[in-house]
Structure formats: structure tokens, C-alpha cells
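Reading the structure
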Amino acid sequence: GLGQNDAVMSAIVPSLNHLEQVSLADNCIGSYGARLISNCLASNPDLNVLHLRDNLLNDDDAIMLAGSLKTNTKLRKLVLKGNRITQVGISVLHMSVFNVSSLNTVYDSNHTCFLDLGEEEPLQINCLDDSIYNRKAKMLRALVRTHNADSTNIVYLDNNPIKIMPRVLAFLQGKEIMDASKNNGLNAVFMFMRDWNMPLLYTSHIDPELRRSERIRKKMRMYYMGK
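Residues numbered from 1 in each chain as written. Predicted model: local features only at pLDDT ≥ 70, side-chain atom pairs only at ≥ 80, totals over all residues. Heavy atoms only, no water.

**A short note on unusual backbone geometry**
In the Ramachandran plot, Cys28 falls in the positive-phi region, its phi being about 60° despite a non-glycine side chain. Locating Cys28 in the fold gives a position in the loop between strand S1 (21-23) and helix H2 (31-42). Its identity as a non-glycine residue notwithstanding, Asn126 has a phi of 60°, on the positive side. Secondary-structure assignment places Asn126 in the loop between strand S4 (114-116) and helix H6 (131-144). (Helix = DSSP H or I, 4+ residues; strand = E, 2+ residues; numbered from the N terminus.)

Now the structure itself:
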């Protein structure tokens, strides 16, 4: 395969800058080729689809490729199934497209590249054509997903100004993107509101318009919780 010859790989990889779809599948590509390809992808070429399945890539190579996605906004699909990548490398790749450490890391993740890793239950991330909608979908998914039946990921909101909460609620109620799980819409709104310190929303620093919007949300909370 092409990957067995470093000189050939060095000559071929620069061509990725000028192509939209490339298949280098089943070519015995290892760490040398992975390093060249990662550097190329990091430069954000016009390449849309890259097939690297059935090669000799390992976890270290996966980490390099994941790093390249931090600066790449054009690659739409990366196929890596059939390599020697274990769950360690898969986890790093997942983090590159959906880092749930905080809302900031979710926002800063790659929102264009769909990863085909050959998983039985693939991570359905970046499935849409528009990166903005992919980002919205992930933000919503991070907000409404639960650790268990009684605990939401309210920790994401701990260090955010109280004034942004109405926007979060509006986002959760938005009709552009909705999570397929049961924890969406008004249910998600209620789950967040029941954990808030509602009197804090009425402190003097909040403007009248914000107070009005919060009164509506308080009524909604009372309706769902019971007076």
C-alpha cells in the first residue's frame, strides 16, 4: 500500500489541498502518513470527504487527527473504521466534535465533521449540513441530557450570568432544533426551572423587561409544579 512508502505519502498528501473527496482506504497508512494528513487537515483545505478506513492507524494517530479538527471547518466526513483505534482514541475523537466538559467546550468543538468510526452505536453528531445548526443541536443536547432520573446537567449553568437564563429558556423552547429524547420542550424548561433560586431573578439589578419575562416563567413553573 501507499502508506508503506514515506516518499510516496509525502508526495500524495499535499494534493489533498486541491481535492474535495479522497479515498486512501486499505493502503497500510500508519503514523507517518497520519502525521502528514493531520498537518494537512489542520491547515483547513477544501477537502470535504476523506476515507482512511482499513489502514494501520492507532490511538496516537487518532489523537493527532482529532487535534487537526480543532482548526478544520471544511471537512464534512472522516471515515476511520477498520483501523487499530481503541476506545481511547475513539473517546478523543468524540471529544473533538462534542466536548461536554462545559458549554464553552461544546461551543468550541468541531461542528462540521461527521466521524465514521465503525461503532455499533455511532455518535450521531454533525449530521446536518449547516454547522450552525449542528452547534445548536449539540448545545441543546448538552443542556437537556440527564445523568439519572432526578438530576439534570444544571452544572453547565453554574457560572453563567442570571441574565442569560431567559435566552437559555427561549433556546430550549425553540422549534428549529429539538432533541429526539423525551427531555425536550416544556419538560426541559421545567427541569431547569425547578432547580433555580427564583428570588434571585428579582433582584434590583435586573431590568423591568427581564422581570416581565421571568414572571411568565414563574407562572409556568407554578403551573407544572402546582401552587
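Now that the structure is up, let's keep going.
**Details of the confidence of the model for the protein**
Per-chain confidence: the protein averages 77 in pLDDT, with 63% of residues scoring 70 or above. Contacts from residues 175-186, a stretch scored under 50 in pLDDT, to residues over four places away or in other chains number 24 contacts. For the stretch residues 223-227, pLDDT sits under 50, and the model shows 5 contacts to residues farther than four places along the chain or on other chains. (pLDDT = per-residue confidence, 0-100. Contact = heavy atoms within 4.5 Å.)

**A look at the sheet that holds S4**
Where strands meet in a sheet, backbone hydrogen bonds hold them as pairs that are either parallel or antiparallel. The strand order across the open sheet formed by 4 strands is S1-S2-S3-S4, and the pairing between neighbours is parallel. Two strands bound the open sheet, and with one partner strand each, they are S1 and S4. Put simply, the sheet's adjacent strands are angled 5° from each other on average, direction ignored. Bridging between S1 and strand S2 (residues 49-51) involves 3 bridges; their strand directions are parallel. Its bridge partner being in S2, Val22 is matched across the sheet by Leu50. (Pairing = 2+ DSSP bridges. Axes fitted to C-alpha atoms, helices over the stretch in contact; angles between N-to-C directions.)

**So, the packing of aromatic side chains**
Summed over all chains, the structure comprises 0 aromatic pairs. We note Lys136 situated over the ring of Tyr133; from NZ or CZ to the ring centre the distance is 5.5 Å. (Phe/Tyr/Trp six-rings, centres within 6.5 Å; stacked < 30°, edge-to-face > 60°. Lys NZ or Arg CZ within 6 Å of the ring centre and 35° of its normal.)

**Details of helix H3 (residues 59-68)**
Turning to H3, its buried residues number three or more, namely Asp59, Asp61, Ala62, Leu65, Ala66 and Ser68. The buried residues of H3 occupy an angular sector of 170° when projected down its axis, which confines them to one face. On the buried face of H3, the contacting elements are H2 and helix H4 (87-97). (Buried < 20%, exposed > 50% of the residue type's maximum accessible area, 1.4 Å probe, protein only. Arc of directions from axis to C-beta.)

**Topic: the packing of H2 against H3**
Relative to each other, H2 and H3 sit at 10°, their axes nearing to 8 Å. One element, H2, and the other, H3, form an angle in the roughly parallel class. Along its contact with H2, which presents Ser31, Ala34, Arg35, Ile37, Ser38, Leu41 and Ala42, the element H3 presents Asp61, Met64, Leu65 and Ser68. Taken together, the residues of the contact of H2 with H3 break down into 6 nonpolar, 3 polar and 2 charged. (Parallel < 35°, antiparallel > 145°, perpendicular 65-115°, else oblique. Nonpolar A, V, L, I, M, F, W, Y, C, P; charged D, E, K, R; others polar.)

**Examining the side chain of Thr112**
Here Thr112 lies in the loop between helix H5 (103-108) and S4. Thr112 gets classed as buried once you look at its relative accessible area, which sits at 6%. Of note is the side chain of Thr112, whose polar atom sits 3.5 Å from the backbone oxygen of Leu75. (Polar contact = N/O pair within 3.5 Å; in protein donor to acceptor, adjacent residues only side chain to side chain.)

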